Every structure is written in structure tokens, then in C-alpha cells.
Amino acid sequence: DGGITQSPKYLFRKEGQNVTLSCEQNLNHDAMYWYRQDPGQGLRLIYYSQIVNDFQKGDIAEGYSVSREKKESFPLTVTSAQKNPTAFYLCASSPAFSGSADTQYFGPGTRLTVL
Amino acid sequence: SQQGEEDPQALSIQEGENATMNCSYKTSINNLQWYRQNSGRGLVHLILIRSNEREKHSGRLRVTLDTSKKSSSLLITASRAADTASYFCATDASWAASKLTFGTGTRLQVTL
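This structure is a prediction, so every number in the text was calculated from the model and none was measured. (Residues numbered from 1 in each chain as written. Chains lettered and ligands numbered in written order. Predicted model: local features only at pLDDT ≥ 70, side-chain atom pairs only at ≥ 80, totals over all residues. Heavy atoms only, no water.)

**Q** I tried to follow the interface of chain A and chain B on my own but got confused; where do I start?
**A** One frequent convention defines the size of an interface as the accessible area lost when the parts assemble. Taken together, the 26 residues of chain A in the interface contact 22 residues of chain B. Carbon and sulfur atoms supply 51% of the area buried between chain A and chain B, which totals about 1800 Å² over both sides. Joining chain A to chain B, the criterion identifies 1 salt bridge. A salt bridge links D59 of chain A to K99 of chain B; its shortest N-O distance comes to 3.8 Å. Across the chain A-chain B interface, the total number found is 3 residue pairs in polar contact (both at pLDDT 80 or more). When contributions to the side of chain A that touches chain B are tallied by element, the ones reaching two or more residues are β4 (31-37), β5 (43-51) and β9 (87-94) of chain A. With 5 residues, the top contributor of residues to the side of chain A that touches chain B is β5 of chain A. Within the side of chain A that touches chain B, the residues separate by chemical class into 11 nonpolar, 10 polar and 5 charged. (Contact = heavy atoms within 4.5 Å. Buried area = accessible area lost by both parts, 1.4 Å probe. Salt bridge = Lys/Arg side-chain N within 4 Å of Asp/Glu carboxyl O. Polar contact = N/O pair within 3.5 Å; in protein donor to acceptor, adjacent residues only side chain to side chain. Helix = DSSP H or I, 4+ residues; strand = E, 2+ residues; numbered from the N terminus. Nonpolar A, V, L, I, M, F, W, Y, C, P; charged D, E, K, R; others polar.)

In C-alpha cells:
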């Protein structure tokens, strides 16, 4: 899992509540990513950030929000607008963007369950 | 839709046998990467092959890339029970080079 930590490991939420998932890296990487993984499926990109104070929507950004105020931190908020938030959430980082995608280093993931 | 599609979806072999997984993609790429995921864990990078490379080796792993067919294969030789995991290909489309798009994965089971 490298130098990326995610917390909590398991998270339970009631419908209608917003929750924030933490992602911290000490690899001095510029780029950070959030993915969602559903059972038996691949990863889908939610948001990504190539530099502090900047981020872009991925393929499934609706119902999610992010911030990138510090290089080492990229928290993800799952809002009540996300209709089906139960999933496994993975954070990743990669070195400075060089014109083609670098190897990504993943955290251990947060499993979110909506009750 | 997914850029990469792995085949087969699931593979069961005995220890010592070779395992081959295939990945097909749709658009031009800069590079293709393979990742491994143990159940309930994060992904771990295995190998990266660039669009101008045809074959690459790393330990017991061998990756090939055929850009004319938009396909790649991952071969794990002399498999071990510890190789049991899901394997994903990820492509870096040349028009969106900052993003990786992951396939649906192949679940490999290696039995003793």
C-alpha cells in the first residue's frame, strides 16, 4: 500500500448524510486520484488532481466533491446526492504528470456502506 | 464504458502451471499497465509497457502488446498459490494522458 493511507477502513452511513473519506500520501506525488469499485467490477474514476488547488471530474463525479488544499491530502466527500454510494473507494497517487500516465500507487481502500 | 476488457473473467489453475490473461482496449494509447489486487485491498502495480514496445519481462511476468490489434497479454509462469488475486489492465489514452482507465479484471485462483 506504499505511503498512502486511507481512513476509515470501514464506514457506515445513513441515507441523507454526507461523509468524508480521508486520503493522505507522503510520497511527494503531485497527482492524486479517487476511484470507486463495485463488486466484481473494475475501477471507475471519480475525481483527480494534478496539482494543489486544482482538480478535474472523472467519469462518475456526480454526487461527489473533493478538495486539494495540501499536496499530501485529497479528501473525498460522498454527498446525499449520490444515489448508490455503497462501494469500495480507492485513493491513488502518482509522480508529477509527464505527458503520459505514471504508475499509480494505491491506498488500502475504504468500504462505505449505506444503511 | 470501460476502455480495457480482460479475458477470461475468471481463471482457475494448479500451482506450477502458467496463467495467461488478455486485455483488449478501444483507442490509441501511450502505455498499458497491469495491476494486481488481493481481495479487499488496494491495487499494486506490476508492469508498464509503452506503445512502442512489444514485449516486457519482470521476474515471472511477461507482458506483450499488439497495438495493431489493440490487445495485451499478461503471462504468469510457474504460478504459486500466492498469485491468487484479481488482475487489471489499465490504459493511458493518448488523448487523455493524465488518466488511467481500468478494465473489469481477471480473477485468478491458483490451487495447490
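**Q** I would appreciate a short explanation of the state of the cysteines in the present structure.
**A** Disulfides are covalent bonds that connect the sulfur atoms of two cysteines. All names here are of chain A. Enumeration over the complete set of coordinates arrives at 2 disulfides over all chains. Disulfide pairing places C23 opposite C91 at an S-S distance of 1.9 Å. Between C23 and C91, the disulfide has an S-S torsion of -75° and is therefore left-handed. Of the two residues, C23 is situated in strand β3 (residues 19-25) and C91 in strand β9; the sequence distance between them amounts to 68 residues. (Disulfide = S-S within 2.5 Å.)

**Q** Would you take a moment to explain the nonpolar core for this structure?
**A** By size, the foremost hydrophobic cluster in this structure holds 20 residues, and its most contacted members are M21, L32, W34, L74, I76, Y87 and L108 of chain B. Where this core is concerned, the elements lending two or more residues are β3 (19-25), β4 (29-37), β5 (43-50), β7 (61-66), β8 (71-76), β9 (85-93) and β11 (106-111) of chain B. Per-element accounting of this core gives the leading share, 4 residues, to β3 of chain B. Aside from chain neighbours lying at most four places away, what touches M21 of chain B is D7, W34, S72, S73, L74, I76, Y87, T106 and L108 of chain B. Grouped together as the second largest cluster of nonpolar side chains are 19 residues, V19, I46, V78 and A87 of chain A included. (Core = buried A, V, L, I, M, F, W, Y, C linked by side-chain atoms within 4.5 Å. Buried < 20%, exposed > 50% of the residue type's maximum accessible area, 1.4 Å probe, protein only.)

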